[in-house]
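Chains, contacts and geometry: an overview
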Amino acid sequence: MLNLLSVDLGASSGRVMRAAFNGEALSLQEVRRFRNHPVHISNRMYTNVYGIFQEMKWGIAEVVKTHGHIESMAIDSWAVDFGLLDAGGHLLDLPRHYRDPRNVNAMREVVSHIGKSQLFQRTGIQLQPFNTLYQLYAMVQENANLVAAANQLLLLPDLLNFFLAGEAAAEFTNATTTQLLEAHTANWDLDLASQLQLPARLLPDIAQPGNVLGVIRDHELLQTGQLATTRVVHTASHDTAAAVVSVPASEQNYVYISSGTWSLMGTVVNEPVIGDLTDKFNFTNEGGLGNYRLLKNVMGLWLIQEVQRALEALGEASDILRLVHRARMAAPFPYMFDPDDPRLLQVGNIPDTIRQICVETGQRPPADSGSLVRGIFESLALKYRMVLDQLELVTGQHYGAIHIVGGGSQNQLLSQFAANATDRMVITGPVEASATGNALVQLLAIGEVAGIEELTQLVRQSVEPVSYLPRDTDVWAGGYDAFQRIVAKQAAAH
Ligand code: ADP
Ligand code: LRH
């Protein structure tokens, strides 16, 4: 039995998972989970990367205690966020969180310099205020001295790898999410950086996933006496890239939704699809393991997480199972809204913003938490239908089933709504998709699996999916008509 370790950092929680490989299947077991809280200082938002590193090390030490030697390990995390190191390898400031409000203006300014379509044509990446490109631009405007003192920019998993193994590189899948890579060459777009006066000297060499980066050099971990030869691997370090590796699809053309804080919905393609339609729909082409993910960011369960936060502040019960139950009991279609309203991206009072959207679109706001949550689940499912239609238009394919992976795939009500709204079979699992994909790519890196085809086979041997068949499709087709009208009204009102 081979002992591997995946560290998966999601926007809502981080986890350290032990992955056991018996030569035929991979099984994962959670060793440590910790909540991931952004730190607010005034109107700035930070990620406490030191706290995360410590949690990660405690998790690694626990695996050593129970299972001894670890063959290899790798880190994946949410995309786009980064830290700056000085020439001595010291972190200059805590990384800013991607929901920091400063990015919105920065994107506006960059778009006015370069042009919206030009940005997409060059990079193939969606325009989202949180992309590293806009974050770095905002940083230069806000604190040029900090940037001047920097020697290197490392995205979060690369930064944690540097703390752990002392080696610095920009892993490819995550690097694409910066919007600083040229889509066609897959190299840094130095010209774009120079037009925006961004310091290209900070950008490290790009490394492909599925390779060994180095070994653990952290003193404290080495004292366990078991980790001197543990290989630190470049997995697909963007959590969505790792999640897609774990999709147990038997067909070549499939649609996935990586469901967690975000719902990342799309398909895999061989090359970036850059055209008028993908530009119009704000699709993105993120680098994957030997492919690209053509997808759209749908706001996802962030909306529920924020409802939970609002309920907690009122001292009300907010656990997810109770909320799903209340939503199940509520009357259908209490209200609808486009979950991708930019106002919902920022931290704020999401229930209030949803009520405001209801008023703007001529609907009665939800009267209780059951209706509030039901409307969110239904609207997410209807948005999936819209994205599915757009995807089929862009690729010219018909997709027969949708795979939902990630923490949100445990939400049976949402999975059933997704099947009803799209009139497609929904297949769920694995729940720990990113951690599973992370470990699978490690097997490739350490030579236990010969290639991507063998990996796909292994996924099917390791995952037991659950299926949902569409129900009430006439009612949902009517719901979709109403949804499209409301989305248009919402866009016009704001
Ligand atoms: P991220 O990686 O972005 O932090 P996860 O993949 O961990 O997100 O998914 C977190 C979400 O999964 C939660 O916000 C919650 O809505 C959903 N979830 C977690 N556990 C359950 C459960 N037992 N039943 C239904 N939904 C769940
Ligand atoms: C999901 C994710 C997503 C990005 C967002 C910033 O965790 O990595 O793919 O768009 O975070």
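If you look the protein chain up in an unreviewed UniProt entry, it shows as Rhamnulokinase from Alicyclobacillus fastidiosus. Here is the UniProt Sequence similarities (unreviewed entry) comment for the protein chain, exactly as written: "Belongs to the FGGY kinase family."

Among the 17 residues in the neighbourhood of ligand 1, the closest are listed as Gly10, Ser12, Gly260, Thr261 and Gly407. Broken down by secondary-structure element, the contributors of at least two residues to the shell around ligand 1 are α12 (302–313) and α13 (320–329). Sorting elements by how many residues they give to the shell around ligand 1 places α13 first, with three residues. Classifying every residue of the shell around ligand 1 gives six nonpolar, eleven polar and no charged.

Helices that pack against each other are described as a pair by the angle of their axes relative to one another and the distance between those axes. Running from amino to carboxyl end, helix α15 (residues 369–395) crosses helix α16 (residues 412–422) at an angle of 40°, the nearest separation of the two axes being 8 Å. Judged by the angle between their axes, α15 and α16 are oblique. Note that α15 runs across α16; the crossing there is right-handed. Contact with α15, carried on its side by Phe377, Glu378, Leu380, Ala381, Leu382, Tyr384, Arg385 and Leu388, involves Leu413, Leu414, Phe417, Ala418, Asn420, Ala421 and Thr422 of α16 and no other residues of that element. When grouped by side-chain class, the residues that make up the contact of α15 with α16 number eleven nonpolar, two polar and two charged.

This part covers the UniProt feature "domain: Carbohydrate kinase FGGY N-terminal" (unreviewed entry) in the protein chain. UniProt feature "domain: Carbohydrate kinase FGGY N-terminal" (unreviewed entry): in the numbering of this structure it lies at residues 5–245. Spanning residues 5–245, this segment combines 37% helix with 24% strand, and its end C-alpha atoms are found 16 Å apart.

Our focus in this paragraph is the sheet that holds strand β2 (residues 13–21). Taken together, the six strands give an open sheet; going across it, the order is β3-β2-β1-β6-β12-β11, and neighbouring strands pair in mixed fashion. Pairing within the sheet leaves two strands with one partner each, and these edge strands are β3 (26–35) and β11 (211–215). With strand direction ignored, the average angle separating the axes of adjacent strands in the sheet is 25°. As paired elements, β11 and strand β12 (residues 231–234) share four bridges and run antiparallel to each other. Bridge pairing in β12 links Val215 to Arg231. Docked against the sheet, helix α6 (residues 156–165) engages β1 (2–9), β6 (72–77), β11 and β12, running at close to 145° with respect to β6.

Once that is clear, we can look at the sheet that holds strand β19 (residues 466–468). Taken in spatial order, the seven strands make up an open sheet running β15-β16-β14-β13-β17-β18-β19, and their pairing is mixed. Both outer strands of the open sheet, β15 (284–287) and β19, are each paired with one neighbouring strand and no more. The mean angle between the axes of side-by-side strands here comes to 30°, regardless of whether they run parallel or antiparallel. Here strand β13 (residues 255–259) runs beside strand β14 (residues 263–269); their pairing, made up of four bridges, is antiparallel. Looking at β14, one finds that Ser258 is bridged to Leu264. α16 rests against β17 (401–405), β18 (425–428) and β19 of the sheet, and its axis sits at about 150° to β18.

Right, let's get into helix α2 (residues 102–114). It helps to recall that an α-helix has 3.6 residues per turn; residues three or four apart then point in one direction. Between its first and last C-alpha atoms α2 spans 19 Å; for 13 residues at 1.5 Å apiece the expected length is 18 Å, and the two agree. Those residues of α2 that are buried lie in contact with α4 (132–142). Of the residues trailing α2, Gly115 is marked for its positive phi of about 100°.

As a further point, take the UniProt feature "domain: Carbohydrate kinase FGGY C-terminal" (unreviewed entry) in the protein chain. Look at the UniProt record and you will see "domain: Carbohydrate kinase FGGY C-terminal" (unreviewed entry) annotated at residues 255–445. The straight-line gap between the two end C-alpha atoms of residues 255–445 is 26 Å; of that span, 47% is helix and 17% is strand.

Attention now goes to the confidence of the model for the protein chain. Looking at the protein chain, the pLDDT average stands at 97 and 100% of residues meet or exceed 70. Scoring the predicted complex yields pTM 0.98 and, for the interface, ipTM 0.99.

Taken N-terminus to C-terminus, the directions of α2 and α4 make an angle of 100°; their axes are 8 Å apart at the nearest point. The pairing of α2 with α4 is recorded here as roughly perpendicular in orientation. Here Arg102, Asn103, Ala106, Met107, Glu109 and Val110 of α2 come into contact with α4, specifically with Leu133, Tyr134, Gln135, Tyr137, Ala138, Gln141 and Glu142. In terms of residue class, the contact of α2 with α4 is built from seven nonpolar, three polar and three charged.

Analysis parameters
Residues numbered from 1 in each chain as written. Chains lettered and ligands numbered in written order. Predicted model: local features only at pLDDT ≥ 70, side-chain atom pairs only at ≥ 80, totals over all residues. UniProt positions renumbered as here; feature names shortened; annotations may be inferred. Near = placed C-beta within 6 Å. Helix = DSSP H or I, 4+ residues; strand = E, 2+ residues; numbered from the N terminus. Nonpolar A, V, L, I, M, F, W, Y, C, P; charged D, E, K, R; others polar. Axes fitted to C-alpha atoms, helices over the stretch in contact; angles between N-to-C directions. Parallel < 35°, antiparallel > 145°, perpendicular 65-115°, else oblique. Left-handed = near helix turned anticlockwise from the far one by under 90°. Contact = placed C-beta atoms within 7 Å. Pairing = 2+ DSSP bridges. Expected span 1.5 Å × (residues − 1). pLDDT = per-residue confidence, 0-100.

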